[in-house]
Amino acid sequence: MSNRIKTPITRIAWNAAVLLFEKGIAAAASFVYIPYTVQAVGIATFGQILLVISYIEIISDLTSLLSWQTVLHYGAAPYREGRRADLYHVLRFGMRLDFLSGAVGYLIGEGGLWCLSSWLGWAGPLHPVMDICLLFVFFDKTGWCVGTVRLLNKFTYLTFGNGLTATFRILASMAGYYAHMGMTYFLYVWLLSSVVLFFSDMAATFYALRKYEPSRFGWRQVLHTPAFLQGAWTFTIMASLNKILLAATKKLPILLIGGSLGPTEAAIYKVSDQVSNGLVRPMRTFMPALYPEFVHLREEGRMDDMHRVIRKLFLSALLFACIALLVVTLFGDQVLHLLLGIHGESGYLLPVLVCGALLTILGLPLEPFIVVTGRLTALFRFQVLNVLANLPVLFVMVHFWGTMGAAYSLVLFSGTLLAFYAVYARAAFVKETGGRNGP
């Protein structure tokens, strides 16, 4: 059956299932390599490793341009209309975005090292190791690959790379444990995992393009920007700034906790945050599957279908939230004991972090709707105000309540964002449909 004959919710569910399988591979692998790493280096050194990784990931997030979203937004019409030359222009533009964000990110990361290394305890022999690990910022930039395979509806093509990366990290971590390796070794394992994923994603993308059109990609025009892409820079920057603000709010607490409370507390918070995100990941995988479908529905003028998808997903997310809270209440402490070897030391940290994550998935179908209907500016303005209001709250709460304060701040931020999504998406739908009730 053709992909376009299937209903939107069927395509979204299938693509989300593929993405969930990919994320499930990584989550299952983490239950193997995290205990091996903790046992090899100890929880304090493991906390230092997580601080280094968190810093580099924050730099990568803060300098990322959402090339995958640009590829989908501007590539949907050329793909649907069979304009291959224009589609390749969009893909090459996405490649340029990835390279530029990688280069800028590496330079900013190096500057940040000179400013923060003493405060976070990274001076001395660790500094040159971090210089090398900052190359992650380059290898993390495969957004154009992700956008291409999603546009071509070949979601399964990236699964192999995720499996290969997970296998590599498990085997390398086991080898490091039995060989009694230290912090530097496990940091290089993390970096090489990103290299493996980078090249596997590239190979999968060019294979998908070859299946779509067995012709040359046209590298000579990589710097050419056609007229129909003149607004692409504005769209990309606005979309990216929204994600940058969210990333800063999510990951800044880890560095703040590490600098003020120490690496052990940072490790507990980081792993608890990973567990909470892993728990809600089955619903969160709908987000990247929603965007290409909403783009197609927008191009075809099917706003009623978009409304039905939003309503069904919201009800599903609400049911999922109830189940997730029950699961974390019953088994959360055992999971942390399995991963970190601690028992009861995190208190109510994990349930509170899960509440914050669940608030984000309730708004999951609303954000792509706001974006595809061309209301990025309003979303960006609110994100700026929300982050500016949340940052002083975060510093005060961490100062007085430590890791729990950071968790409470996350819940407050997520709740405010959900309220905005609900109010603004409803107003946007009424405007798009001429006054009818919306989501």
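1. A look at the overall build of the chain
Looking only at helices and strands, one finds 16 helices and 0 strands in the chain. For 439 residues, the compact-globule estimate of 2.2 N^0.38 gives 22 Å, and the C-alpha radius of gyration of the chain, at 22 Å, lies within 12% of that figure. For the chain, with 439 residues in total, the buried portion stands at 54%. Sequence-distant contacts in the chain: of pairs separated by 6 or more residues, those separated by 24 or more amount to 84%. Taken as a whole, the chain presents about 18,900 Å² of accessible surface, with 68% of it coming from carbon and sulfur.

2. A few points about helix α14 (residues 349-362)
With 14 residues, α14 extends 21 Å between its outermost C-alpha atoms, agreeing within 8% with the 20 Å of an ideal straight helix rising 1.5 Å per residue. Of all 14 residues making up α14, 10 are buried, and the element is well covered by its neighbours. Residues of α14 that are buried: L349, L350, V352, L353, V354, G356, A357, L358, I361 and L362.

3. Topic: the environment of D305
Checked against the element boundaries, D305 lands in helix α13 (residues 303-340). The spacing of D305 and A427 is 122 residues in sequence and 17 Å in space, taken between C-alpha atoms.

4. Describing the packing of helix α2 (residues 43-62) against helix α10 (residues 232-261)
The N-to-C vectors of α2 and α10 enclose an angle of 160°; their axes lie 9 Å apart at closest approach. One element, α2, and the other, α10, form an angle in the roughly antiparallel class. As for the relative orientation of α2 and α10, their crossing is left-handed in sense. Here L51, S54, Y55, E57, I58, D61 and L62 of α2 lie close against α10, whose contacting residues are I244, A247, A248, K251, L252, I254, L255 and G258. Of the residues in the contact of α2 with α10, the class split is 10 nonpolar, 2 polar and 3 charged.

5. Regarding the packing of aromatic side chains
For the structure shown, the criterion picks out 16 aromatic pairs. Ring centres of Y106 and F138 lie 6.1 Å apart, and the angle between their planes is 35°; this geometry places the pair in the tilted category. Note that Y106 is positioned in helix α4 (residues 84-120) and F138 in helix α6 (residues 136-139), a separation of 32 residues in sequence. A residue is classified by how much of its surface remains accessible, and F138, at 29% relative accessible area, is partly exposed.

6. Describing the side chain of S240
Within the element layout of this structure, S240 appears in helix α10. For S240, a relative accessible area of 1% corresponds to the buried category. Engagement of the side chain of S240 in a polar contact is seen with the backbone oxygen of T236, the distance being 2.6 Å. Beyond its immediate sequence surroundings of up to four residues, S240 is in contact with S64, L65 and L66.

7. What to know about the nonpolar core
Membership of the largest hydrophobic core comes to 137 residues, with the highest contact counts inside it found for F46, I56, W122, L187, F294 and F369. The dominant element in this core, judged by the number of residues it contributes, is helix α16 (residues 376-432), at 19 residues. Setting aside chain neighbours within four positions, we find F294 in contact with M306, V309, I310, P365, P368, F369 and V372.

8. Side note on the pattern of salt bridges
All told, the structure shown has 4 salt bridges when counted by the stated rule. Residues E81 and R80 are paired through a salt bridge, measuring 3.5 Å at the closest nitrogen-oxygen approach. With a shortest N-O distance of 2.5 Å, R83 and D86 are connected by a salt bridge. Judged by relative accessible area, R83 falls into the partly exposed class, the value being 30%.

9. Observations regarding a nonpolar patch on the surface
On the surface, a cluster of nonpolar side chains totalling about 570 Å² of accessible area is made up of L319, I323, L326, V327, L330 and F331. Of note, L319 is situated in helix α13. Note on L319: relative accessible area 55%, which makes it exposed.

10. Digging into the confidence of the model for the chain
Confidence in the prediction for the chain averages 81 pLDDT; 90% of positions are at 70 or higher. Between the elements of the chain, mean pLDDT differs from a low of 73, seen in helix α12 (residues 286-299), to a high of 93, seen in α6. A low-confidence stretch, residues 1-5 stays under pLDDT 50, and its non-local contacts, those more than four residues away or across chains, total 8 contacts.

11. As for unusual backbone geometry
In this model, H180 sits at a positive phi of 60°, which is unusual for a non-glycine residue. Looking at H180, the relative accessible area reads 71%, which means it is exposed.

Cut-offs and rules
- Residues numbered from 1 in each chain as written.
- Predicted model: local features only at pLDDT ≥ 70, side-chain atom pairs only at ≥ 80, totals over all residues.
- Heavy atoms only, no water.
- Helix = DSSP H or I, 4+ residues; strand = E, 2+ residues; numbered from the N terminus.
- Rg over C-alpha atoms; globule rule 2.2 N^0.38 Å.
- Buried < 20%, exposed > 50% of the residue type's maximum accessible area, 1.4 Å probe, protein only.
- Contact = heavy atoms within 4.5 Å.
- Areas by Shrake-Rupley, 256 points an atom, 1.4 Å probe, with all protein chains shown as cover.
- Expected span 1.5 Å × (residues − 1).
- Axes fitted to C-alpha atoms, helices over the stretch in contact; angles between N-to-C directions.
- Parallel < 35°, antiparallel > 145°, perpendicular 65-115°, else oblique.
- Left-handed = near helix turned anticlockwise from the far one by under 90°.
- Nonpolar A, V, L, I, M, F, W, Y, C, P; charged D, E, K, R; others polar.
- Phe/Tyr/Trp six-rings, centres within 6.5 Å; stacked < 30°, edge-to-face > 60°.
- Polar contact = N/O pair within 3.5 Å; in protein donor to acceptor, adjacent residues only side chain to side chain.
- Core = buried A, V, L, I, M, F, W, Y, C linked by side-chain atoms within 4.5 Å.
- Salt bridge = Lys/Arg side-chain N within 4 Å of Asp/Glu carboxyl O.
- Patch = residues over 30% accessible without salt bridge, like charges linked within 9 Å, V, L, I, M, F, W, Y side chains within 5 Å.
- pLDDT = per-residue confidence, 0-100.

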